[in-house]
Structure formats: structure tokens, C-alpha cells
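Close look at the chain arrangement
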Amino acid sequence: MVAKKISTSDKQAICKKLMTLLKKRYSATLPKYDRPVLETILHGICLENTTNELADQVLEDLLDGFHDLNEIRVSTISELEPVFASVGDAEWRSYRIRSVLQYVFDKEFCFDLEGMRKKTLEQAQKQLTRMKALTPFVLNHTLQVVLGSHLVPADEKILNASKWLGLLPADESIETASDSLKSTARKSDAPLLSHLLRCLATDEELQADFNLDKNPLPEEGVDLMDAPSRLEDLFANPLSKQKKKTVKKKQHLRMCIQRKYGFNLLYFYLIITMSL
């Protein structure tokens, strides 16, 4: 079974409620995206599946750690990898950074893509699509930041969080997620929704809840109309807290058994804890 379909106006109304809840937990201040076009692309590669703060720092380390963009272009993957240690997927990011720079230099004979700002969405999208190393997230992030396009860029973490909320169906692909998400918010709200979804999806306390491999979505689907109440419940009692409570309960039980019966009944304790 799949979750029932709802109208665009209902989606946007629910999304407004979700954004209100998210703003209470996270900052509603949008990150400053005022970089040149090429650096915006590089930042997007750093940003995928991590926080804005970490992406900002990684890009700064990358630009400070090498003489210029050309040195980064001609560096080996192994030379670039240490820069990305804090955000993971170091080889993956290094390859994409270098590939983008190589493509731009071979095509433009410089590292200037500012002309993209004057292009239509279709023209800019076509130009970016030629960069084979770009993921759907980086492409859509660039279009949103550079042209103000009505998109909600989605990486794998945002995809999973959006499915958990019911903003996207369980079978939504990463290739279509960004375009599908835009129906949940008006164009003026899309940048803030993008920011808040990233905050939610990268919240360390909630990572277990959004791991859909270990915690799959219900077979009957997720009802978006229930999303605000489910989100409130999640904030109050995420799986990470539940696991801590279980660990503390087991530790307390072990101490009680040891105090009363000594260490000879450890086997009895193990049997009890396995049933919790």
C-alpha cells in the first residue's frame, strides 16, 4: 500500500507547520551563499550530506591549502582527500572537485563561470549537465543559489528525512526528489525549507530515526497529514534517547542483581536483559 495523495495546497499548508516546528529547533537564518558560480559548485560538493558549517570550513581549507584552483585541478585524488576527512566520502568528493575544475578549465581556459547568471534556467541546466561529475544535488543546489530557481535540492540524507516526514513517497529517487519537493513549498519559501531540511537531516541526535535501512517506513506508507505530530514526537523521543534509556535500565538492573546476589548470578542477568 502507499500513502494517499493530497493536494498541492494541503502539502504547502502542512509544510508551513513543519517549518514552524523546525524553526523552533534550528536557526531560521539562511546561510550566506554569495560565492562566485564556480565556488558555489565546489561548495555544493562539500555540502552534500553534511552541514553548512562543515561545508564552509572544508571549502575554506581546500582553497587555503592549495596555491590556487589550478593547483587543485592538477593535484591527485590522494593529495585532495585529507581536506575532506571531516565530512566523509573523501575520495568521492576529491574526484568531483577535480573533475569539475578540469572540465571548466578545458572548456573556458579559465575558472570563471559568472556568465551563467545571465542564462535562463534551461540554458544553465544544460551547461551544468555537461559536467558529468555533478550529482543531482549539486546541480540543483547551484541552480537554486545562482538563479534563484524554484527547487529544493535533495541529497541522500534529505531524501530519507523527507520520506520519513511523508513529503516524498518511499520509492522517490534522488534524481527526481528535488523537483518533487518544490511542490511542498512556494518559491519564496523554498530556500528556507532547503535549509531547515538540511538541519533536520544532519541532526546527529536523529540519525538513527532517518536510517531507513535499519528503520524502514511502515508498509502502509506515511501520511503527510500526520507529519507535524510525528515530528513533535520525534523531537521529544528520538531513537537515540530510547537506546540510552534501555542501556541505563540494563546497567541499573545489573547493579541491583550484583548488590543483592553477587556475581554468581550474572548468567541470570544476561537472560533477563536479552528479553528487554
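Above: the structure in question.
Now for a look at the structure at hand. Nothing here was measured: the structure is a model prediction, and the numbers come from that model.

Cut-off values and rules
- Residues numbered from 1 in each chain as written.
- Predicted model: local features only at pLDDT ≥ 70, side-chain atom pairs only at ≥ 80, totals over all residues.
- Heavy atoms only, no water.
- Helix = DSSP H or I, 4+ residues; strand = E, 2+ residues; numbered from the N terminus.
- Contact = heavy atoms within 4.5 Å.
- Areas by Shrake-Rupley, 256 points an atom, 1.4 Å probe, with all protein chains shown as cover.
- Expected span 1.5 Å × (residues − 1).
- Buried < 20%, exposed > 50% of the residue type's maximum accessible area, 1.4 Å probe, protein only.
- Core = buried A, V, L, I, M, F, W, Y, C linked by side-chain atoms within 4.5 Å.
- Polar contact = N/O pair within 3.5 Å; in protein donor to acceptor, adjacent residues only side chain to side chain.
- Salt bridge = Lys/Arg side-chain N within 4 Å of Asp/Glu carboxyl O.
- Axes fitted to C-alpha atoms, helices over the stretch in contact; angles between N-to-C directions.
- Parallel < 35°, antiparallel > 145°, perpendicular 65-115°, else oblique.
- Left-handed = near helix turned anticlockwise from the far one by under 90°.
- Nonpolar A, V, L, I, M, F, W, Y, C, P; charged D, E, K, R; others polar.

Turning our eyes to something else, we now look at the overall build of the chain. In terms of regular secondary structure, the chain is built from 14 helices and zero strands. Secondary structure elements of the chain, listed N to C terminal, follow the sequence α-α-α-α-α-α-α-α-α-α-α-α-α-α. Pairs at least 24 residues apart make up 67% of the contacts formed inside the chain by residues separated by at least 6 positions. With an accessible surface of roughly 15300 Å², the chain has 52% of that area assigned to carbon and sulfur atoms.

Now for helix 11 (residues 190-201). In this model helix 11 runs 16 Å from its N-terminal to its C-terminal C-alpha over 12 residues, within 8% of the 16 Å that 1.5 Å per residue would give. Those residues of helix 11 lying buried are A190, L192, L193, S194, H195, L196, L197, R198, C199, L200 and A201.

A separate point is the nonpolar core. Y26, L165, L181, L197, L200 and L231 are the most contacted members of the largest nonpolar core, which totals 36 residues. Counting residues per element, this core draws most heavily on helix 11, which supplies eight residues. Setting aside residues up to four positions removed in sequence, L181 forms contacts with V152, A154, I158, S162, L167, L168 and L197.

Among the secondary structure elements, Q57 is positioned in helix 3 (residues 52-65). Assessed through its relative accessible area of 39%, Q57 is described here as partly exposed. Residues Q57 and C46, spaced 11 residues apart in sequence, show a C-alpha to C-alpha distance of 9.2 Å.

Checked against the element boundaries, T40 lands in helix 2 (residues 37-47). Not counting residues up to four positions away in its chain, the partners in contact with T40 are R35, H141, T142, V145 and V146.

In this structure, D89 takes a positive phi of about 50 degrees despite not being glycine. Looking at the secondary structure, you find D89 in the loop between helix 5 (77-80) and helix 6 (90-108). Overall, the relative accessible area of 48% leaves D89 in the partly exposed class. You will see that F109, though not glycine, has its phi angle at about 60 degrees, which is positive. Tracing the backbone through its elements, the reader meets F109 in the loop between helix 6 and helix 7 (121-129). Residue classification places F109 among the exposed positions, given a relative accessible area of 67%.

Attention shifts here to helix 9 (residues 156-165). Among the 10 residues of helix 9, seven are classified as buried, and the element is accordingly described as predominantly covered. Within helix 9 the residues assigned to the buried category are I158, L159, A161, S162, K163, W164 and L165. Tucked inside the fold, the buried residues of helix 9 contact helix 1 (8-25), helix 10 (174-181), helix 11 and helix 12 (227-236). Where helix 9 starts, the residue carrying a side-chain oxygen 3.2 Å from the main-chain nitrogen of K157 turns out to be D155.

What follows covers the pattern of salt bridges. For the structure shown, the criterion picks out seven salt bridges. Linking E205 and R25 is a salt bridge whose minimum nitrogen-to-oxygen distance equals 2.8 Å. Within this pair, whereas E205 is found in the loop between helix 11 and helix 12, its partner R25 is found in helix 1, the two being separated by 180 residues in sequence. Overall, the relative accessible area of 30% leaves R25 in the partly exposed class. Across the pair D155 and R198 runs a salt bridge whose closest N-O atoms are separated by 3.1 Å.

Okay, the packing of helix 2 against helix 8 (residues 136-147) next. Running from amino to carboxyl end, helix 2 crosses helix 8 at an angle of 135 degrees, the nearest separation of the two axes being 9 Å. Comparing the axis directions of helix 2 and helix 8 gives the class oblique. Regarding helix 2 and helix 8, the two cross each other, and that crossing is right-handed. On the side of helix 2, the interface is formed by V37, T40, I41, H43, G44, I45 and L47, while helix 8 contributes F137, V138, H141, T142, V145 and V146. Taken together, the residues of the contact of helix 2 with helix 8 break down into eight nonpolar, five polar and no charged.

Attention shifts here to the environment of L224. Tracing the backbone shows L224 in the loop between helix 11 and helix 12. Measuring from C-alpha to C-alpha, the distance between L224 and K11 comes to 7.6 Å, with 213 residues separating the pair along the chain. Excluding residues that lie within four positions of it along the chain, L224 makes contacts with I6, K11, I14, L165, G166 and L167.

Remember, this is a structural readout, not a statement about activity or role.
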